[in-house]
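# Per-entry structural report
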Amino acid sequence: MAISPVYALRETGQNLWRNFMLSMATVITIGVSLWLFGGFFLFNYAVDNATQRWEGGIEFVVWMNPEATSEQNANILDAIMTSPEIQDYTFVDQDAAYEEFKDIFSDTPELVEVVTPEVMPPSYRVVPVDPDADVVAELASQFEGRPGVKTVVSANDTIRDIQDLADEVGTVFLAGSLVLLAAATLLILTNIVSAIRNRGREIEIMKVVGATNWFIRIPFMLEGIMQAMLGAVLAWGGLYVIDQRVIGRFSQPDSLELMAGFQVESDELIFTGGLVLGIALAVSVIGSSIAVTRYLDA
Amino acid sequence: MIKLENVTKVYKGDHVALRDATLGIDKGEFVFLVGASGSGKSTFIRLLNCEEVPEHGTIHVAGKDIGMLGRWKVPYLRRNIGYIFQDFKLLPNKTVAENVAFALEVIGKPRHVIKKQVPAILELVGLSEKMSNLPSELSGGEQQRVSIARAFVNRPLILLADEPTGNLDPQTSIGIMRLLDRINRTGTTVVMATHDRGIVDTMRRRVIELDRGVIVRDQARGVYE
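Below is a short write-up of the structure. Keep in mind it's a predicted model, so treat the numbers as computed, not measured.

As a further point, take the overall build of chain B. Per the secondary structure count, chain B includes 7 helices and 10 strands. Within chain B, the proportion of its 225 residues that are buried is 54%. Pairs at least 24 apart in sequence give 69% of the contacts found in chain B among residues at least 6 apart. As displayed, chain B offers around 10,200 Å² of accessible surface, 48% of which is attributable to carbon and sulfur atoms.

Structure representation (structure tokens):
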């Protein structure tokens, strides 16, 4: 005969309550580890989204000296327009550059006040045909040092810097979360072993009267799964905070232009939430399975 | 109902708990297992309940060769066997009724069956008035009655009792034996390990005597020695 859901839930609830402190420690550890794990994914998504915006648009910027002569400007424009390796370009004049500057530094009006459009460098934002990093770097270098050019900034360098930083931060997040997930698995195992020992007499009676192994196991396994699910809910809360308060901050109009695409789409957030839930389930099933097979059937 | 053929059980360190035991116990029999401590009585009972596996020989219980029984089928066999412990093994945080109901609940019996069977068995063992008491509020004899009710509530074919009167005074033991006798008269086979000479001599049932794992006597209407 199948196990009654009422019986299973009652026994699971009693087990959790009897080991309340240890259960809470397990839930918090699972929550934090899953939060770090999910945070790693959200951060990667945000970086990918931010860099995609760059990769699909401007690949390098040729900053002109504000004092460049019209002849020097014309030479650069001619070089851009005649190059078969350049797909598109946008010229940002001093007024437009000043407007951008005002947007970026709207929080610091004292800085805006001392800057005038005349000191702003105009720029050519260039989109090459081939977005390959080496090709773009080679193309950008052709404009370096030419008369009237102040500097050339390749967006690829910036993207690389962001991606390198993201990789390093992500590795730390991932390593930390994996260590904590291992700790969480051991905590689930310890918690269930403790529950099994607390209920030694009950288990002995159950076996003697003919309860099946699964009937005895299920409440203990459910205990581990419940702890992991509560941990996942905790992690979801933490991920929501990361999305809204940390990543969301970069999407606001007053944030840096470079970070404007640093955001997580709703489908990516849902996927990460599902992944966190799946990992929680896997951790709980592994921990509780080891506990019941090693300590219950013995 | 129970058949042993050349059964030998050896524990670690080459300690032979049961040696080449062969016997049969029919349905409805009442059998005393007697012998000194360490003679193999408890091993005999544990073998019948599939808690131990013999090194040699075959054991049939309730028509099943338990050596051929898959591990997952053991719980279903145990539902035909009631088990009474010397130290009662009641759950201290459950009432008398809950202790008995527990045995039905964990084998998946529906609630309406539990509601019907628990009061009936508690009436049989004379504890209808103490259904809501905790084990700590009962005497030793009453606790053993609860243990018997728990073992018998599922109406098993066989009742195994490992020194059920070992922790009780003589007067209380007589009450317990009357109860076991009453259960036996319903057709249930009872196998009871005991050191209690008075009980064995008074009841005059079949006696199987073990000595260092060997069956040295199998006597119908026997006495302790």
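Now that the structure has been shown, we can carry on.
Moving on: the environment of Tyr45 of chain A. As for its placement among the helices and strands, Tyr45 of chain A is situated in helix H2 (residues 20-55). Sequence-distant contacts of Tyr45 of chain A, that is, excluding residues within four places in its chain, are made with Gln263, Val264, Glu268, Phe271 and Thr272 of chain A.

Formed by 114 residues in total, the largest nonpolar core has its most connected members in Phe220 of chain A together with Leu4, Phe32, Leu122 and Leu180 of chain B. If sequence neighbours within four positions are ignored, Leu180 of chain B has contacts with Phe30, Ile84, Ile148, Leu159, Pro164, Val190 and Met192 of chain B. The next biggest cluster of nonpolar side chains, apart from the first, holds 16 residues, and it includes Val62, Ala79, Ile80 and Val152 of chain A.

Residues and elements named next belong to chain A. On the surface, Trp17, Phe20, Met21, Met24, Ile28, Val32, Trp35 and Leu234 cluster together into a nonpolar patch covering about 840 Å² of accessible area. With 6 residues, H2 is the single largest residue contributor to the nonpolar patch. Its place among the elements puts Ile28 in helix H2. Here Ile28 falls in the partly exposed class, since its relative accessible area comes to 44%.

Once that is clear, we can look at the packing of helix H3 (residues 96-105) of chain B against helix H5 (residues 140-152) of chain B. Residue and element names in this part refer to chain B. Following both chains from N to C, one finds H3 and H5 inclined at 30°, their axes separated by 8 Å at the closest point. With respect to H5, the element H3 is oriented roughly parallel. Classified by chirality, the crossing of H5 by H3 is right-handed. On H5, the residues touching Val96, Asn99, Val100 and Ala103 of H3 are Val146, Ala149 and Arg150. Taken together, the residues of the contact of H3 with H5 break down into 5 nonpolar, 1 polar and 1 charged.

Time to look at the sheet that holds strand S7 (residues 158-162) of chain B. Residues and elements named next belong to chain B. As summarised here, the arrangement of the 6 strands in space is S6-S7-S8-S3-S9-S10, forming an open sheet in which the pairing is mixed. Single-partner strands in this sheet number two, and they are strand S6 (81-84) and strand S10 (214-219). On average, each strand axis in the sheet is inclined to that of its neighbour by 15°, with strand direction left out of account. Note that S6 and S7 share 4 bridges and pair parallel. By the bridge assignment, Ile84 is partnered in S7 with Ala161. Contacts from helix H6 (residues 170-184) reach strand S3 (30-34), S6, S7 and strand S8 (189-193) within the one sheet, and its direction differs from that of S3 by about 135°.

On to the sheet that holds strand S3 (residues 123-128) of chain A. Residue and element names in this part refer to chain A. Taken in spatial order, the 4 strands line up as S2-S3-S1-S4 in an open sheet, and their pairing is antiparallel. Bordering the open sheet on either side are strand S2 (86-92) and strand S4 (149-154), each of which pairs with just one other strand. On average, adjacent strands in this sheet sit at an angle of 20° to one another, irrespective of strand direction. Bridge analysis of strand S1 (residues 60-64) against S3 gives 4 bridges, and the strand direction is antiparallel. Within the sheet, the bridge partner assigned to Trp63 lies in S3 and is Ser123. Relative to the sheet, helix H3 (residues 70-82) contacts S1, S2, S3 and S4, its axis offset from that of S3 by approximately 10°.

Next up on the list: the pattern of salt bridges. With the rule as written, the count across this model stands at 21 salt bridges over all chains. Here Lys102 of chain A makes a salt bridge to Glu99 of chain A, at a shortest N to O gap of 3.5 Å. Note that Lys102 of chain A and Glu99 of chain A are positioned in helix H4 (residues 94-104) at a spacing of 3 residues, about one turn of the helix. Three or more residues joined by partner-sharing salt bridges are found here, namely Arg10, Glu11, Arg18, Arg199 and Glu202 of chain A together with Glu105 of chain B.

Let us look at empty space enclosed by the protein. The full count for this structure, using the stated rule, is 2 cavities of 30 Å³ or more. Taken as a whole, the largest cavity encloses approximately 90 Å³ of empty space. If you go around the largest cavity, you meet 14 residues; those closest to its centre are Val209 of chain A together with Ile81, Arg150, Ala151 and Asn154 of chain B. Looking at the lining of the largest cavity, the elements with two or more residues in it are helix H8 (200-209) of chain A together with S6, H3 and H5 of chain B. Broken down by element, the residue count for the lining of the largest cavity peaks at 3 residues, all from S6 of chain B. When the residues that make up the lining of the largest cavity are grouped by side-chain class, the tally is 9 nonpolar, 2 polar and 3 charged. Quantified by volume, the second largest cavity comes out at close to 40 Å³. For the second largest cavity, the full set of lining residues is Ile205, Val208 and Val209 of chain A together with Tyr83, Phe85, Arg150 and Ala151 of chain B. Of all elements in the fold, only H8 of chain A together with H5 of chain B reach the threshold of two or more residues within the lining of the second largest cavity. Of the residues forming the lining of the second largest cavity, the biggest block, 3 residues, is contributed by H8 of chain A. Taken together, the residues of the lining of the second largest cavity break down into 6 nonpolar, no polar and 1 charged.

Cut-off values and rules
Residues numbered from 1 in each chain as written. Chains lettered and ligands numbered in written order. Predicted model: local features only at pLDDT ≥ 70, side-chain atom pairs only at ≥ 80, totals over all residues. Heavy atoms only, no water. Helix = DSSP H or I, 4+ residues; strand = E, 2+ residues; numbered from the N terminus. Buried < 20%, exposed > 50% of the residue type's maximum accessible area, 1.4 Å probe, protein only. Contact = heavy atoms within 4.5 Å. Areas by Shrake-Rupley, 256 points an atom, 1.4 Å probe, with all protein chains shown as cover. Core = buried A, V, L, I, M, F, W, Y, C linked by side-chain atoms within 4.5 Å. Patch = residues over 30% accessible without salt bridge, like charges linked within 9 Å, V, L, I, M, F, W, Y side chains within 5 Å. Salt bridge = Lys/Arg side-chain N within 4 Å of Asp/Glu carboxyl O. Axes fitted to C-alpha atoms, helices over the stretch in contact; angles between N-to-C directions. Parallel < 35°, antiparallel > 145°, perpendicular 65-115°, else oblique. Left-handed = near helix turned anticlockwise from the far one by under 90°. Nonpolar A, V, L, I, M, F, W, Y, C, P; charged D, E, K, R; others polar. Pairing = 2+ DSSP bridges. 1 Å grid on protein atoms, 1.4 Å probe; cavity = no way out; pocket = protein on both sides within 12 Å on 5 of 7 lines; lining within 4 Å. Points joined across faces, edges and corners; volume = space filled by probe spheres on them.

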